[in-house]
Amino acid sequence: MNKRIIITEFGGPEVLELIEDAELPMPAAGEVRVKVLAAGTGFTDTIIRQGQYVDVKDKPPFTPGYDWYGVIDALGEGVDTLEIGQPVADMPVIGAYCQYLCVSAKQVVPAPEGLDPAEAVAMVLSYTTAYQMLTRVAKVKKGQSILVHAAGGAVGTAVLDLARAMELKVYGTASEAKHELVKSFEASPIDYRNEDFVEAIDRYTEGRGVDVVLDTIGGAYWSRSYQCLAKGGILVAFGALQLTNGQEKLPSLLLGFAKLMLLWRLLPDGKRSTFYNIQKDRLKHPQEFSEDLQSLFAMLAAGRIKPAIAGRRPLADALEVHQLIDSADIPGKIVLLPN
């Protein structure tokens, strides 16, 4: 028997349904079957549920779930580089909200023994996104300063955790309820609801600005984030939260993209701007994704990083978890534990 969540149609959390398959999936040649120990949840899953994620072409019903961590349960014909019981992880974009799944042996990333499944799955989407933006895109150096928006969320707290390990100076926008969480990572919180973050950064940095801004909010925010940059700084946009929740319209976002990818690149102000998408980056550079995720697993095993796990829930709680994500009430990341 294999319990899994399906999206019955695109819409709100109510479209999530728990079903049971009578038999376990069987791995084909070149595949492995995985017993899923933890499936990550996050804002991207809710966009997929709503039918707004452009990289997902599947139509309901299908199983959501951007990333998972588990152990190999069975080997398909011809698989001789992996072993039953070996911990592995993957980022399939959809399919992770289940007890068992089959995947190409070439797709999975090996993990060390002994990791906490909830903490391990946080490394896959949230921490790899943060790590690649900091190291491969912004190429941060010790002592530099960064501003991260939505600092109390899954990717935001991953940025805070990694930035602390990298000895960066961090400012993070977050609701007041998440300020203690932001402070726990030795970062300075900015209450975006009651304070202008551009003015706050100008005050904190005495007019210099920050070296990096990581912005998942949207086009209108990107323009204001660009103002926060010091000369030589870089704005890395990696999402459009306000478009998906209705606070921003498509024309505003498209104008933001035009500035981000064209106009600002022509300005002789010494600043840079770009857009980051982890899935497209993985498809283009699969070896880098594997190397970075294994580096994060090693950091986790060594105790250098500690993800903010807001909850560990069974599959049956997926609907409630999505309601919490939609309301932006989660400090960190909630993880589903299918088994």
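Residues numbered from 1 in each chain as written. Predicted model: local features only at pLDDT ≥ 70, side-chain atom pairs only at ≥ 80, totals over all residues. Heavy atoms only, no water.

## Things to note about the overall build of the chain
(1) Moving on: A count of helical and extended segments in the chain gives 11 helices and 15 strands.
(2) Moving on: For 339 residues, the compact-globule formula gives about 20 Å, and the C-alpha radius of gyration of the chain, at 20 Å, lands near that figure.
(3) Moving on: Counting only residues that meet the buried cut, the chain has 54% of its 339 residues in that class.
(4) Moving on: The distance from the centre of the 34 positive side-chain charges to the centre of the 42 negative ones in the chain is 6 Å. (Helix = DSSP H or I, 4+ residues; strand = E, 2+ residues; numbered from the N terminus. Rg over C-alpha atoms; globule rule 2.2 N^0.38 Å. Buried < 20%, exposed > 50% of the residue type's maximum accessible area, 1.4 Å probe, protein only. Lys, Arg positive; Asp, Glu negative; His and termini not counted. Charge placed at Lys NZ, Arg CZ, Asp CG, Glu CD.)

## Quick notes on the side chain of Ser-175
(1) Moving on: Mapping Ser-175 onto the fold places it in the loop between strand 9 (169-174) and helix 4 (179-184).
(2) Moving on: For Ser-175, a relative accessible area of 10% translates into the label buried.
(3) Moving on: Setting aside chain neighbours within four positions, we find Ser-175 in contact with Asp-191, Tyr-192 and Arg-193. (Contact = heavy atoms within 4.5 Å.)

## Considerations on the sheet that holds strand 11 (residues 210-215)
(1) Moving on: Read across the sheet, 6 strands follow the order 10-9-8-11-12-13 without closing on themselves; strand pairing throughout is parallel. Only two strands of the sheet have a single neighbouring strand rather than two, namely strand 10 (188-191) and strand 13 (272-275). Taking each pair of neighbouring strands and ignoring which way they run, the sheet shows an average axis angle of 15°.
(2) Moving on: Across the sheet, helix 2 (residues 117-137) is in contact with strand 8 (145-148), strand 11, strand 12 (229-237) and strand 13; its angle to strand 12 comes to roughly 140°.
(3) Moving on: Across the sheet, helix 6 (residues 219-227) lies against strand 11, strand 12 and strand 13, angled at about 155° from strand 12, the strand it touches most. (Pairing = 2+ DSSP bridges. Axes fitted to C-alpha atoms, helices over the stretch in contact; angles between N-to-C directions.)

## Considerations on empty space enclosed by the protein
(1) Moving on: In total, this model carries 1 cavity of 30 Å³ or more according to the counting rule given.
(2) Moving on: Its volume calculated, the largest cavity comes out at about 40 Å³.
(3) Moving on: Around the largest cavity, the lining residues are Ala-122, Ser-126, Tyr-127, Ala-154, Thr-157, Pro-307, Ala-308 and Lys-333.
(4) Moving on: Counting residues per element, the ones that place at least two in the lining of the largest cavity are helix 2 and helix 3 (154-165).
(5) Moving on: Residues that form the lining of the largest cavity fall into these classes: 5 nonpolar, 2 polar and 1 charged. (1 Å grid on protein atoms, 1.4 Å probe; cavity = no way out; pocket = protein on both sides within 12 Å on 5 of 7 lines; lining within 4 Å. Points joined across faces, edges and corners; volume = space filled by probe spheres on them. Nonpolar A, V, L, I, M, F, W, Y, C, P; charged D, E, K, R; others polar.)

## Quick word on the environment of Asp-55
(1) Moving on: Note on placement: Asp-55 falls in the loop between helix 1 (43-50) and strand 4 (68-75).
(2) Moving on: Under the relative-accessibility criterion, Asp-55 is labelled partly exposed at 31%.
(3) Moving on: Taking the C-alpha atoms as reference points, Asp-55 and Pro-286, 231 residues apart in sequence, are found 17 Å from one another.
(4) Moving on: The contact partners of Asp-55, leaving out residues within four places of it in the chain, are Asn-277 and Lys-280.

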